[in-house]
Amino acid sequence: RDSPMLLLLPSGPAPTNRRGNLRVHAFGWVAQRDFDRLLWSCTAAFVRGEDSLVRAHWAAIPFIWQPYRQADQSHREQLEAWLARWRPFLPEAATAAQAALARAWDLGEAAHLAAAWDGWIKHLPELKQGAADWSRQLAAGPSLIQSLSAFLRDRLESRSTLFHRLRHSRLDSR
């Protein structure tokens, strides 16, 4: 809160505004590769949607994710599932701060947002470490092609086994 902070807001060209030690700079939409570079240069981020979620993970920075809101509130299940995935990478207090800010941001609870923000900023060092650890684990895992190949191989093997059992059970019943 005491340090100067620059908030980059990709919503359209607008003049830079100041409020205390916060400077808000709005800018127009950028190409995806430029967005990635911008994200990688940030200390922390607020992102929305699944594509930006993935890109924030790869950027290895602390971030708050807001899933696209759904009329049936199913986006909250997505948010809770994401928070659960983060849990192993963060100390308990940082996990609580991450969850508090993510939920307050999703709900738009202005009354809780300031306190949640203060708690989140307080744990920024642990959140940075957790983001770096999470990103490293993702990079160490199998590629999408490897995962898809394994999934398809397992499906084909299970169907082949099922087909083999059905075929032999029919032959045995004759």
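In what follows, the accompanying structure is described. Just so it is clear, the model here is predicted, and its values are computed rather than measured.

## So, a nonpolar patch on the surface
Now for step 1: Among the surface-exposed residues, Val54, Trp58 and Leu138 lie close enough to one another that they form a single nonpolar patch of about 270 Å² accessible area.
Now for step 2: Along the chain, Trp58 turns up in helix H2 (residues 50–59).
Now for step 3: A relative accessible area of 46% places Trp58 in the partly exposed class.

## Considering the packing of helix H3 (residues 74–86) against helix H4 (residues 92–107)
Helix packing geometry: the angle between the two helix axes and the distance between the axes.
Now for step 1: Running from amino to carboxyl end, H3 crosses H4 at an angle of 165°, the nearest separation of the two axes being 11 Å. One way to sum up the angle between H3 and H4 is to call them roughly antiparallel. Note on packing geometry: the crossing formed by H3 with H4 is right-handed. Between H3 and H4, the contacting residues are His75, Arg76, Leu79, Glu80, Trp82 and Leu83 on the first element and Gln98, Ala99, Ala102, Arg103, Asp106 and Leu107 on the second.
Now for step 2: Broken down by class, the residue content of the contact of H3 with H4 amounts to six nonpolar, two polar and four charged.

## With respect to the pattern of salt bridges
Now for step 1: Here the structure, examined in full by the defined rule, presents six salt bridges.
Now for step 2: The shortest N-O distance in the salt bridge between Asp106 and Arg69 comes to 4.0 Å. Here Arg69 lies in the loop between strand S5 (63–66) and H3 and Asp106 lies in helix H4, a separation of 37 residues in the sequence.
Now for step 3: Take Asp106: its relative accessible area is 2%, and that puts it in the buried class.
Now for step 4: The class of Arg69 is partly exposed, set by a relative accessible area of 43%.
Now for step 5: When the shortest N-O distance is used, the salt bridge between Arg136 and Asp133 registers 2.5 Å. You can see Arg136 and its partner Asp133 sitting in helix H6 (residues 124–140), three residues apart, about one turn around the helix.
Now for step 6: By sharing partners, the salt bridges in this structure join Arg69, Arg76 and Asp106 into a single network.

## A few points about the nonpolar core
Now for step 1: One finds Leu39, Val47, Phe63, Trp65 and Trp82 to be the most contacted residues of the largest nonpolar core, which totals 26 residues.
Now for step 2: No other element matches H4, which puts five residues into this core.
Now for step 3: Contact partners of Leu39, with chain neighbours within four places excluded, come to Ala45, Val47, Arg55, Ala56, Ala59 and Ile61.

## Things to note about H2
Because an α-helix packs 3.6 residues into every turn, residues spaced three or four apart end up facing the same way.
Now for step 1: Listed as buried for H2 are Ser52, Leu53, Ala56, His57 and Ala59. Take H2 and look down its axis: the buried residues cluster within an arc of 160°, on one side only.
Now for step 2: Of the surrounding secondary structure, the elements contacted by the buried residues of H2 are helix H1 (32–40), strand S4 (45–48), S5, H3 and H6.
Now for step 3: Of the residues one or two after H2, Ala60 is the one with positive phi, at around 60°.

## Some details on the sheet that holds strand S1 (residues 5–10)
Neighbouring strands of a sheet are bound in pairs by backbone hydrogen bonds; such pairs are parallel or else antiparallel.
Now for step 1: As summarised here, the arrangement of the three strands in space is S1-S3-S2, forming an open sheet in which the pairing is mixed. Either end of the sheet is taken by a strand with one partner, and the two such strands are S1 and strand S2 (17–19). Taking the axes of each pair of neighbouring strands and ignoring which way they run, one obtains an average angle of 20° across the sheet.
Now for step 2: Sheet analysis places S1 next to strand S3 (residues 22–27), joined by six bridges and oriented parallel. Bridging across to S3, Leu7 finds its partner in Val24.

## Quick word on the packing of helix H5 (residues 110–122) against H6
Now for step 1: Across the interface, H5 lies against H6 with an axial gap of 5 Å and an inter-helix angle of 65°. On the basis of the axis angle, H5 is roughly perpendicular to H6. In contact with Trp120, Ile121 and Lys122 of H5, H6 contributes Leu124, Pro125, Glu126 and Leu127.
Now for step 2: For the contact of H5 with H6, a count of residues per class yields five nonpolar, no polar and two charged.

About the thresholds
- Residues numbered from 1 in each chain as written.
- Predicted model: local features only at pLDDT ≥ 70, side-chain atom pairs only at ≥ 80, totals over all residues.
- Heavy atoms only, no water.
- Patch = residues over 30% accessible without salt bridge, like charges linked within 9 Å, V, L, I, M, F, W, Y side chains within 5 Å.
- Areas by Shrake-Rupley, 256 points an atom, 1.4 Å probe, with all protein chains shown as cover.
- Salt bridge = Lys/Arg side-chain N within 4 Å of Asp/Glu carboxyl O.
- Helix = DSSP H or I, 4+ residues; strand = E, 2+ residues; numbered from the N terminus.
- Buried < 20%, exposed > 50% of the residue type's maximum accessible area, 1.4 Å probe, protein only.
- Axes fitted to C-alpha atoms, helices over the stretch in contact; angles between N-to-C directions.
- Parallel < 35°, antiparallel > 145°, perpendicular 65-115°, else oblique.
- Left-handed = near helix turned anticlockwise from the far one by under 90°.
- Contact = heavy atoms within 4.5 Å.
- Nonpolar A, V, L, I, M, F, W, Y, C, P; charged D, E, K, R; others polar.
- Core = buried A, V, L, I, M, F, W, Y, C linked by side-chain atoms within 4.5 Å.
- Arc of directions from axis to C-beta.
- Pairing = 2+ DSSP bridges.

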